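# Chains, contacts and geometry: an overview
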Amino acid sequence: MTRRPLGARRRRLVLEMPVDEPDGFGGRLRRYVAGPVLWGSLEALGTAAPRGGRHDRPSLYRASLRYRPGVNPAMRLADGTRRFAIRAADDPDGRRRDLVCEVEEVIEEAAP
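The protein appears in an unreviewed UniProt entry as Head-tail adaptor protein from Methylorubrum rhodesianum.

Rendered as structure tokens:
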């Protein structure tokens, strides 16, 4: 395995943790709170297949980070005002050096 060049992980990403709260009607509301700052890189993979007849297709990316235990698909990454839902997280060589996540850009609905 080749090492990443110096400076390859220069994008500042914030790992956001989910917090579920009761909504008062028997359901739950999910919000996210900012967690640790991670340095990584984002590589575009293309766009996802359209779902439910929607025409705005989210973009898919590969995020490469330094290894961090406990990252799972319930979390998301933030890059400024952009949000990325984690779809999968994997340690590619099992040496706990790198963490590669497949992420999907979250498209926020505009409030009416």
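### With respect to the environment of Phe 84
The topology assignment puts Phe 84 in strand β5 (residues 82-90). The class for Phe 84 is buried, based on a relative accessible area of 0%. Distance in space between the C-alpha atoms of Phe 84 and Val 106 is 5.5 Å, their sequence separation being 22 residues. Setting aside residues no more than four positions away along its own chain, Phe 84 makes contact with Leu 42, Tyr 61, Arg 76, Leu 77, Asp 79, Val 103, Glu 104, Glu 105 and Val 106.

### Side note on the environment of Gly 40
With respect to the helices and strands, Gly 40 occurs in strand β2 (residues 28-47). The class for Gly 40 is buried, based on a relative accessible area of 0%. For the pair Gly 40 and Ala 63, spaced 23 residues apart in the sequence, the C-alpha separation amounts to 6.7 Å. If sequence neighbours within four positions are ignored, Gly 40 has contacts with Ala 8, Arg 9, Arg 10, Arg 11, Leu 13, Ser 64 and Leu 65.

### A closer look at the pattern of salt bridges
A full pass over the atoms with the stated rule returns 8 salt bridges. With a shortest N-O distance of 2.9 Å, Arg 31 and Glu 21 are connected by a salt bridge. With Arg 31 in strand β2 and Glu 21 in strand β1 (residues 11-22), the pair connects residues that are 10 residues apart, well separated along the chain. For Glu 21, a relative accessible area of 31% gives the class partly exposed. A salt bridge links Glu 43 to Arg 62; its shortest N-O distance comes to 3.3 Å. Placement of Glu 43 in strand β2 and of Arg 62 in strand β3 (residues 59-66) is noted, with a sequence separation of 19 residues between them.

### Focus: the side chain of Arg 83
Within the element layout of this structure, Arg 83 appears in strand β5. Arg 83 has contacts with Glu 16, Arg 76, Leu 77, Ala 78, Glu 104, Glu 105, Val 106 and Glu 108, leaving out every residue within four places of it along the chain.

### Looking at the pairing of strand β6 (residues 98-105)
Both faces of the sheet carry side chains from a regular strand, because those side chains alternate between them. Taken across its 8 residues, β6 has 6 buried, putting it largely inside the fold. Bridging between β3 and β6 involves 7 bridges; their strand directions are antiparallel. Counted as the bridge partner of Tyr 61 is Val 103 from β6. Relative to β6, β5 runs antiparallel, the two sharing 6 bridges.

Cut-offs applied
- Residues numbered from 1 in each chain as written.
- Predicted model: local features only at pLDDT ≥ 70, side-chain atom pairs only at ≥ 80, totals over all residues.
- Heavy atoms only, no water.
- Helix = DSSP H or I, 4+ residues; strand = E, 2+ residues; numbered from the N terminus.
- Buried < 20%, exposed > 50% of the residue type's maximum accessible area, 1.4 Å probe, protein only.
- Contact = heavy atoms within 4.5 Å.
- Salt bridge = Lys/Arg side-chain N within 4 Å of Asp/Glu carboxyl O.
- Pairing = 2+ DSSP bridges.

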